[in-house]
Structures are given as structure tokens and as C-alpha cells.
Amino acid sequence: YKNILVVTAALVLFATQAFASGGWVYFGQEGEYTPDAWGLIHGNEACGDGQAQSPIDIVTADTVPGKVGLSYDLTGDIAEYVNNGHTVQVNPHGRSITVTDAAGVATTYNLLQFHFHTLSEHTVDGEHRAMEMHLVHSDGAKLAVLGVFIEEGEANRVLGDIFEHLPHAAGHGEESAAMMAELADNYEKLLPKERAFWSYSGSLTTPPCSEIVTWLVFKEPITMSVEQIEAYRDLYEEEGVRYDTNRPVQPLNLRPVTSND
């Protein structure tokens, strides 16, 4: 029982505070430990020598049919959110998904948080989207992360409250304390209408890059307005120059990528 508590606590720490790991930066930021050197930080060795790292380039011609199933319990409309210096992270409570593997075994994962990257972390046939949202879930031993691409289009009403009041990180002269948001309708409307997805086994995309993640990446993107995307990108700059908050794609190393449609 104690071991289960330790594992659960570690997963929550990874999923909710990985972005706060000291010393690492993205390309374009000042700092020694850019993505190609994350593995040199003690405790983050998997970032450099792991064999099942994320994100990846999804080559559509190389995907294989899969039988992974996905269902949702994502009702709710209020959440706390904060800019932790690497992303805007939203911390909801009481939502879950159920993932059914190819053998028919169903596992329920509780939603811990969701956050954003720009550009997208995963690419499809070598192409980025403007942004990517990650909804991070835990079953107490493993993580399941829903990846949602974001492209320019209609304004996103569900995320409107957050993107109208984006918090700057501490030290940037703006409010950095956790803020409350109303998510219009419910969390399920964060997802695209068409729910076809790719799935593969991978890792966290920030230190410590732990290889404990089942990835489910939706094929259809959701949209945000140009104004919403630009407001988010304005949060991340060094000396007036924007930088991207995505880890470069990692080697697939013969892992299968399945398609559920």
C-alpha cells in the first residue's frame, strides 16, 4: 500500500510539476540545458538515453490498424490555472477517461491537468500545427495523455476565459498566482468532434522524460483564433524575441503507431 502511494505521488509530481524542474530550457531561451542537453541533468537521464521518447513524427503511411478504445467522463466547468514559466497549466478535478487496449482490458485514468505547447510537439508527416494541448491522466501507476492539435480558425469558446486572461509567469510584472477560469459547457468540448486518433507508447515531453505514457493523439485539430494564439505566444519571449515551447521530435525506434479508424 505504501508503495502504491509513493508511485501515485511520483506520478502526480511528474504530471503537475515536471515543468518546474530546475535548469532546463527550450531552444531560444537563455540557459545551458536546452532540449539536446536535458539528459545531462541528474535525474533526467531518460531525456538523453531513453528508447521510447516523445514527441514523435507520425508518418501516416507507416501507421497500422489498432483496437484501442477511448471513452470519457469530462463534465465540469470550473478550473484553476497558472503560468508555471514553461506553459499555462489548467488543474481540474474529478474528470476521467477509460482506455481499452487491444486485448480488451479497460483502464480508467483520472484527469490531473492540461497544458499547451507552441508549436505542436507531435508532427504529422513532418508538419507542425500552431499549438498542441495535452490532457494528462493517471491511473496511479501510468499516464495516459490526450494530444489535441490546435490550428488557426474560429475562436475557441471553451477556452475563452483562459485565453482572455492569460497569466504571465512570476518575474514578468504580471499576476502569477493561480487564477480561476470558467470553461464553457464542459471539458469534452475541448476535444475535436471527430474522435479518430493515433496511439503509441512514449514518455513525458519535458524532464524527467519518464517512459510511462500511453499517447492518444487526435487526428482532427480544434481551432483558436489568430488573436488567441498570438496572445499565448506573447507569453514566451527572451529579450523581446519569442521562442517555441515544444520539444523536438524523437526517434521512433521501431515502436508501432496504431490508428483506431
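Residues numbered from 1 in each chain as written. Predicted model: local features only at pLDDT ≥ 70, side-chain atom pairs only at ≥ 80, totals over all residues. Heavy atoms only, no water.

**Q** Got a minute to help me understand the state of the cysteines in this structure?
**A** As used here, a disulfide is simply a covalent bond connecting the sulfur atoms of two cysteines. Following the criterion strictly, the structure yields one disulfide and no others. Bridging C47 to C209, the disulfide has an S-S length of 2.0 Å. On the sign convention where negative means left-handed, the S-S torsion of about 95° between C47 and C209 marks this disulfide as right-handed. Of the two residues, C47 sits in helix α2 (residues 46–49) while C209 sits in the loop between β12 (197–202) and β13 (213–218), which places them 162 residues apart along the sequence. In terms of burial, C47 and C209 fall into one category: buried. (Disulfide = S-S within 2.5 Å. Helix = DSSP H or I, 4+ residues; strand = E, 2+ residues; numbered from the N terminus. Buried < 20%, exposed > 50% of the residue type's maximum accessible area, 1.4 Å probe, protein only.)

**Q** How should the nonpolar core be read in this particular structure?
**A** For soluble globular proteins, nonpolar side chains are generally found buried alongside one another. Counting 47 residues, the largest nonpolar core has F114, F116, M133, L159 and I162 as the members making the most contacts within it. The contact partners of M133, leaving out residues within four places of it in the chain, are F114, H115, F116, L146, G147, V148, I150, L159, L190 and I222. Listed in part, the 14 residues of the second largest apolar core include V124, L204, V217 and V257. (Core = buried A, V, L, I, M, F, W, Y, C linked by side-chain atoms within 4.5 Å. Contact = heavy atoms within 4.5 Å.)

**Q** I tried to follow the environment of T205 on my own but got confused; where do I start?
**A** Checked against the element boundaries, T205 lands in the loop between β12 and β13. Judged by relative accessible area, which is 5%, T205 ranks as buried. Separated by 158 residues in sequence, T205 and C47 have C-alpha atoms that sit 8.6 Å apart. Among all residues touching T205, those that are not within four sequence positions of it are W38, S54, P55, H117, E121, H134, W215 and R247. For T205, the side chain forms a polar contact with the side chain of E121, separated by 2.5 Å. (Polar contact = N/O pair within 3.5 Å; in protein donor to acceptor, adjacent residues only side chain to side chain.)

**Q** Can you help me understand the pairing of strand β5 (residues 88–91) in this one?
**A** For a regular strand, side-chain orientation follows a simple rule: the groups alternate between the two sheet faces. Here β5 shows two buried faces, one formed by V88 and V90 and the other by Q89 and N91. Between the end of strand β4 (residues 78–83) and the start of β5, which pair antiparallel, lie four residues, with G85 showing a positive phi angle near 100°. Bridge count for β5 against strand β7 (residues 106–117) is two bridges, and the pairing is antiparallel. Considered in β7, the bridge of Q89 is made with H115. (Pairing = 2+ DSSP bridges.)

**Q** Just to check I follow, could you spell out unusual backbone geometry for this structure?
**A** With the exception of glycine, most residues fall at negative phi, and the peptide bonds are largely trans. That bond from T118 to L119 is cis: its omega, -5°, falls within 30 degrees of zero. As for its position among the elements, L119 is in the loop between β7 and β8 (123–124). Omega for the peptide link from P207 to P208 comes to 15°, which places this bond in the cis form. Within the secondary structure, P208 is located in the loop between β12 and β13. Not every positive phi belongs to a glycine, and D125 is a case in point at roughly 50°. Looking at the secondary structure, you find D125 in the loop between β8 and β9 (131–138). Phi at C209 takes a positive value of approximately 60°, unusual for a residue other than glycine. Under the relative-accessibility criterion, C209 is labelled buried at 0%.

**Q** Help me understand the pattern of salt bridges in this model?
**A** Any two side chains of opposite charge can pair, so long as their charged atoms come close to each other. This structure, assessed with the given rule, holds six salt bridges. Note that D139 and K142 form a salt bridge whose closest N and O atoms lie 3.0 Å from each other. By relative accessible area, which is 28% here, D139 ends up partly exposed. The salt bridge partner of R233 is D244, with a shortest N-O separation of 2.5 Å. Taken together, the residues span a long stretch of sequence, with R233 in helix α4 (residues 226–233) and D244 in the loop between β16 (241–242) and β17 (258–259) at a distance of 11 residues. One salt-bridge network, held together by shared partners, links E230, D234 and R242. (Salt bridge = Lys/Arg side-chain N within 4 Å of Asp/Glu carboxyl O.)

Geometric descriptors of this kind do not, in isolation, establish any biological role.
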